[in-house]
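Chain and residue survey
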Amino acid sequence: KGPVKAVDIFLEQLDDCQKNELVGRALKASNAEQWSTLLRATASGRHETRSVRCCDMSGRTVELTVKPFQTLFTVKQELLKLADEFLPRINKKMEVRQAKLYHAEVELPDHVLGSMLPEQISVVYKKDHKLVESDSDASFEFYCSDRDY
């Protein structure tokens with residue numbers, strides 16, 4: 001049980017990107033031809049600009065055009081601009097709107113590339129309150145989560 005338990009603990013500490021990299025490296029080392037075939041098949045259709053559906057909690061769907069090397073951070077910025085049209089207004093001096101993007105209940109990190117995104121992602125919009133604290137050396141902004149909508 002010892003080694004199996006240690007492996008489980010190790011795997012629990014890896015995020016999905018690290019797990020995918022671990023498997024990819026192992027596959028490449030054990031069967032480079034299969035790895036190359038799988039890589040090319042997976043890249044097919046992802047090497048060019050494509051559409052990704054973004055669905056929020058109310059069922060509203062926005063279809064965005066995503067470039068292969070565009071980061072998820074820029075996708076979030078586009079969604080936030082569009083959200084200003086249909087979400088309640090915020091006081092931009094006191095509040096900030098944020099978007100969290102998910103696939104299969106896993107939050108996607110900002111560095112994910114457009115080519116790696118699934119065809120559909122879920123969006124949760126959040127409104128946070130800005131708390132600004134000033135002193136003579138620096139200003140700090142803190143965000144207190146208000147609610148999801």
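Up top is the structure these notes are about.
Model, not experiment: these values are computed from the prediction.

1. Here's the deal with the pattern of salt bridges
Scanning the entire structure with this criterion turns up five salt bridges. Ionic pairing is found between Asp84 and Arg97, a salt bridge with its closest N-O pair at 3.6 Å. With a gap of 13 residues between them, Asp84 in the loop between helix H4 (72-83) and strand S3 (95-103) and Arg97 in strand S3 connect regions that are remote in the sequence. With a relative accessible area of 40%, Asp84 lands in the partly exposed category. A salt bridge links Glu95 to Lys127; the shortest N-O distance between them is 3.5 Å. Of this pair, Glu95 sits in strand S3 while Lys127 sits in strand S5 (residues 120-134), and the two are 32 residues apart along the sequence. Take Glu95 and Lys127: they sit in the same class, and that class is buried.

2. Brief notes about the pairing of strand S1 (residues 50-56)
Taken across its seven residues, S1 has five buried, putting it largely inside the fold. Here six bridges tie S1 to strand S2 (residues 61-66), and the two strands are oriented antiparallel to one another. Following the sheet pairing, Val52 is matched in S2 by Leu64. In textbook terms, the turn of a hairpin is the stretch between consecutive antiparallel strands, and for S1 and S2 this stretch comprises four residues, one of which, Gly59, has a positive phi near 95°.

The rules we used
All residue numbers refer to positions counted from 1 along the written sequence of the respective chain. Note on the predicted model: pLDDT of at least 70 is required for a residue's local features to be given, and 80 or more for side-chain atom pairs to be given and counted; whole-chain, interface and lining totals, by contrast, use all residues. The basis for every side-chain value is the complete set of non-hydrogen atoms in the structure, without hydrogens or water. We count a salt bridge whenever a side-chain nitrogen from Lys or Arg sits within 4 Å of a carboxyl oxygen from Asp or Glu. Secondary structure elements are taken from DSSP: a helix is a run of H or I of four residues or more, a strand is a run of E of two residues or more, and numbering for both begins at the N terminus. Partly exposed residues are those whose accessible area sits between 20% and 50% of the maximum for their type, while under 20% is buried and over 50% is exposed, using a 1.4 Å probe and protein chains only. By this definition, two strands are paired if DSSP reports at least two bridges between them.

These values are about where atoms sit, not about what they do.
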